[in-house]
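Analysis of the macromolecular model
The residues making up each chain are set out below.
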Amino acid sequence: KTENCSLVTRCEIGDSLEEFLTKATPDKRLITLMMCMGEALRTIAFKVRTASCGGTACVNSFGDEQLAVDLLANKLLFEALTYSHFCKYACSEEIPELQDMGGPAEGGFSVAFDPLDGSSIVDTNFTVGTIFGVWPGDKLTGVTGRDQVAAAMGIFGPRTTYVLALKDIPGTHEFLLLDEGKWQHVKDTTEIGEGKMFSPGNLRATFDNPEYDKLINYYVREKYTLRYTGGMVPDVNQIIVKEKGIFTNVASPSAKAKLRLLFEVAPLGFLIEKAGGYSSDGHRSVLDKVINNLDDRTQVAYGSKNEIIRFEETLYGSS
Ligand code: AHG
Ligand code: MN
Ligand code: MN
Ligand code: MN
């Protein structure tokens, strides 16, 4: 178990992705789907790493085609889902309409994904990622984030990781992509504690949302550490890895909610809550919001229990 360890302190954990999934769930179809998505993430990581960037576009080749990396990621993920044989419908931030992937409705899954979150920061070589949520059966509307059977993100930074959570087991689990191409289990997160670290998205909303302005001023006054990349995947992942902090993306009349409930907010909400954290749209967990339309948008916060309480009270509390 220890010979493949690249991180000394994490050597006790060391299952391959397949070993881990086999112990975690009896659902062979779900295991296959998560493995296929892992294959796609590995390819996307390579394509992001070797893209050529000019202006603000980053392109890579796919067969004979030259494609922007987010469109290439989109294509690879749809292909992986077809190949898995257990995906009924899929849709993505790039193609927000249900695509029939040919898998069974009963006993199969429907998958929603953001192929490359942070496509505007690929050229600057910031960390970007893939987000996806897995729902049972053939429905991606009229359901909530809590109905997910799994959610995950692929993180393309200095290291490539696959961070996932399954309905069947507690915790959010991190896998590291090794040089030989395998995913190795390196971390579990089961608790998010308290700590003064903040990731304030959509700060332009403080201009005409005085409550958000008040919340931000609180963090500054209380000397919170600012950690914000502008990529939701690394910004939310840091809460899971450091096991503390808060991420906010709040709307205002002039700076409307931009993040998508189905493709981004609900899957990340599942990962955060499985890790022992909390989420909110200001009133309730984002996992309790019904997805009415594939491109519904919402404001959101993710973080520790006390941070989410402060978020809701500052935005909508009576004081
Ligand atoms: P996209 O998937 O279109 O690249 O969106 C990225 C998101 C999210 O990652 C980030 O938190 C947010 O956009 C930042 O938005 P602004 O650039 O508008 O501040
Ligand atoms: Mn996105
Ligand atoms: Mn995107
Ligand atoms: Mn995009």
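Residues numbered from 1 in each chain as written. Chains lettered and ligands numbered in written order. Predicted model: local features only at pLDDT ≥ 70, side-chain atom pairs only at ≥ 80, totals over all residues. Heavy atoms only, no water.

**Brief notes about the site of ligand 1**
Residues in contact with ligand 1 amount to 13 residues; listed here are only the nearest, Glu93, Asp117, Gly118, Met232 and Lys258. Note that an oxygen atom of ligand 1 is positioned 3.2 Å from one of the side-chain N or O atoms of aspartate 114. A distance of 2.9 Å separates an oxygen atom of ligand 1 from a polar atom in the backbone of serine 119. Protein contacts shield 81% of the accessible area of ligand 1, which totals 470 Å² for the unbound molecule. The site holding ligand 1 turns out to be the second largest pocket. In terms of residue count, the dominant contributor to the shell around ligand 1 is strand S6 (residues 109-117) (3 residues). When its residues are assigned to classes, the shell around ligand 1 shows 3 nonpolar, 4 polar and 6 charged. (Near = heavy atom within 4 Å. Polar contact = N/O pair within 3.5 Å; in protein donor to acceptor, adjacent residues only side chain to side chain. Areas by Shrake-Rupley, 256 points an atom, 1.4 Å probe, with all protein chains shown as cover. 1 Å grid on protein atoms, 1.4 Å probe; cavity = no way out; pocket = protein on both sides within 12 Å on 5 of 7 lines; lining within 4 Å. Sits in = over half its atoms within 2 Å of the grid points. Helix = DSSP H or I, 4+ residues; strand = E, 2+ residues; numbered from the N terminus. Nonpolar A, V, L, I, M, F, W, Y, C, P; charged D, E, K, R; others polar.)

**A word on the sheet that holds S6**
With mixed pairing, the 8 strands of this open sheet are ordered in space as S5-S4-S6-S7-S9-S10-S11-S12. In the strand order of this sheet, the two ends are held by strand S5 (99-100) and strand S12 (183-189), each with one partner. Pairing of strand S7 (residues 128-136) with strand S9 (residues 150-156) involves 7 bridges; the strand directions are antiparallel. The partner of threonine 130 across the bridge, within S9, is glycine 154. Those strands touched by helix H1 (residues 17-24) are strand S10 (160-166), strand S11 (172-177) and S12, and its axis lies near 5° from that of S10. Where helix H5 (residues 232-242) meets the sheet, it contacts S6, S7, S9, S10, S11 and S12, and its direction lies at approximately 110° from that of S9. (Pairing = 2+ DSSP bridges. Contact = heavy atoms within 4.5 Å. Axes fitted to C-alpha atoms, helices over the stretch in contact; angles between N-to-C directions.)

**Concerning the coordination of the manganese ion (ligand 2)**
Those donors, Asp114 (OD), Asp117 (OD) and Glu264 (OE), are the protein atoms that reach the manganese ion (ligand 2), and they lie 1.9 to 2.1 Å from it. Read in sequence order, the donor residues coordinating the manganese ion (ligand 2) give the pattern D-x2-D-x146-E. In this structure, the manganese ion (ligand 2) lies 3.7 Å from the manganese ion (ligand 3), and both are coordinated by aspartate 114. Of this pair, aspartate 114 sits in strand S6 while glutamate 264 is found in helix H6 (residues 261-274), placing the two residues 150 residues apart along the sequence. (Donors = N, O, S within 2.8 Å, 3.2 Å for Na, K, Ca; no water.)

**Focus: helix H3 (residues 69-84)**
Helix length check: H3, at 16 residues, gives a terminal C-alpha distance of 22 Å against a target of 22 Å (1.5 Å per residue), a fit within 8%. When H3 is considered as a whole, its buried residues turn out to be Val69, Asp70, Leu72, Ala73, Asn74, Leu76, Leu77, Phe78, Ala80, Leu81 and Ser84. Looking one or two residues beyond H3, the residue adopting positive phi is histidine 85, at roughly 70°. (Expected span 1.5 Å × (residues − 1). Buried < 20%, exposed > 50% of the residue type's maximum accessible area, 1.4 Å probe, protein only.)

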